[in-house]
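Coordinate inspection notes
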Amino acid sequence: PDDHAEACLRGGYWIDAETANAEAIAGPAVVLVAAGRKVRCARAAAARLRAEDGVDARVLVVTSFERLWQSWDAWQRDPSAWEDDGCGHTLDALMADDALINAPMIVTVDAVASVAEWMANALQRLGSLRVLAPRGYSEAGDLDSIDRLHGMHSDDIVAAARAELRWRHRQR
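The following refers to the structure shown. From a predicted model like this one, the values you see are computed outputs, not experimental measurements. (Residues numbered from 1 in each chain as written. Predicted model: local features only at pLDDT ≥ 70, side-chain atom pairs only at ≥ 80, totals over all residues. Heavy atoms only, no water.)

1. A look at the nonpolar core
As a reminder, the rule being used: Grouping buried Ala, Val, Leu, Ile, Met, Phe, Trp, Tyr and Cys residues that are joined through side-chain atoms within 4.5 Å yields what is termed a nonpolar core. Per-residue accessibility, obtained with a 1.4 Å probe over protein chains only, is compared with the maximum for each type, and a residue is labelled buried under 20%, exposed over 50%, and partly exposed between these values. Helix numbers and strand numbers start at the N terminus; a helix is a DSSP run of H or I with at least 4 residues, a strand a run of E with at least 2.
Counting 31 residues, the largest nonpolar core has Met105, Val107 and Met119 as the members making the most contacts within it. Mapped by element, the contributors of at least two residues to this core are β2 (29-35), β3 (56-62), α4 (65-76), α6 (90-94), α7 (98-101), β4 (105-108) and α8 (119-122). The next biggest cluster of nonpolar side chains, apart from the first, holds 23 residues, and it includes Ala34, Val59, Ile157 and Leu165.

2. What about the environment of Ile146?
Operational definition: The contact rule is simple, with two residues in contact once any of their heavy atoms fall within 4.5 Å.
With respect to the secondary-structure elements, Ile146 resides in helix α9 (residues 143-149). For Ile146 and Pro134, which are 12 residues apart along the polypeptide, the C-alpha to C-alpha distance reads 8.8 Å. If we skip the residues at most four places from it in the chain, Ile146 touches Glu139, Ala140 and Gly141.

3. A look at helix α10 (residues 154-171)
An α-helical segment advances 3.6 residues per turn. Residues three or four places apart therefore align on the same side. Applicable threshold: Working rule for helices: expected span equals 1.5 Å times residues minus one. Think of the arc as the fan of directions from the helix axis to the C-beta atoms.
With 18 residues, α10 extends 26 Å from end C-alpha to end C-alpha; this agrees with the ideal 26 Å at 1.5 Å per step. Turning to α10, its buried residues are Ser154, Ile157, Val158, Ala160, Ala161, Glu164 and Leu165. End-on view of α10: buried residues confined to an arc of 165°, all on one side of the axis. Among the structural elements, β2, α3 (38-53), β4 and β5 (130-132) are those in contact with the buried residues of α10.

4. Focus: the sheet that holds β5
To summarise the sheet geometry, strands pair through backbone hydrogen bonds and adopt either a parallel or an antiparallel arrangement. What counts is decided by this rule: In this scheme, strands are said to pair when DSSP sees at least two bridges between them. Axes here mean lines fitted to C-alpha atoms, for a helix over just the part in contact, with angles spanning 0 to 180 degrees between N-to-C directions.
If you walk across this open sheet you meet the 5 strands as β1-β3-β2-β4-β5, and the pairing is mixed. Sheet topology places β1 (12-14) and β5 at the edges, where each strand pairs with a single neighbour. Sheet twist, expressed as the mean angle between neighbouring strand axes with direction ignored, is 20°. Pairing between β4 and β5: 3 bridges, direction parallel. Paired with Val107 across the bridge in β5 is Val131. Strand contacts of α3: β2, β3 and β4, with the helix running at about 165° to β2, the strand carrying the most contacts. Contacts from α10 reach β2, β4 and β5 within the one sheet, and its direction differs from that of β5 by about 170°.

Next up, the structure:
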């Protein structure tokens, strides 16, 4: 984005031009949130979902879960901010497209899952989100093998997004 440096300091940004569009979503949408080395996997998964399923898959890059959380925490502790439409928190501003607020959200990080589990509350989502992250430690291997072991590979991201979309379709 044009304000890349500022967006990085705020904690996140939409990575591709097509994912930054706030235009109306014609088909099903899914938000893929990734940080660090998992961004490559999220982009690959988004491309597959668009090409194979016609899903509006958008990739949100998180540069700092800490900054996003601090912004939300400061906002949620200040009731006067809740009444001011011009006052919000960074994650809320990133999700300004109302159509995305309750779209399936798949978060993939090479960190403990709790680093991202608060995001559903911050966005006041009706549904939760799935966090694909290591659930055990001390394994050795190449990154592809470790990603597959922990269900964090791009194939796993695609499978999680498809499962969420199927589940939501059945709930209608």
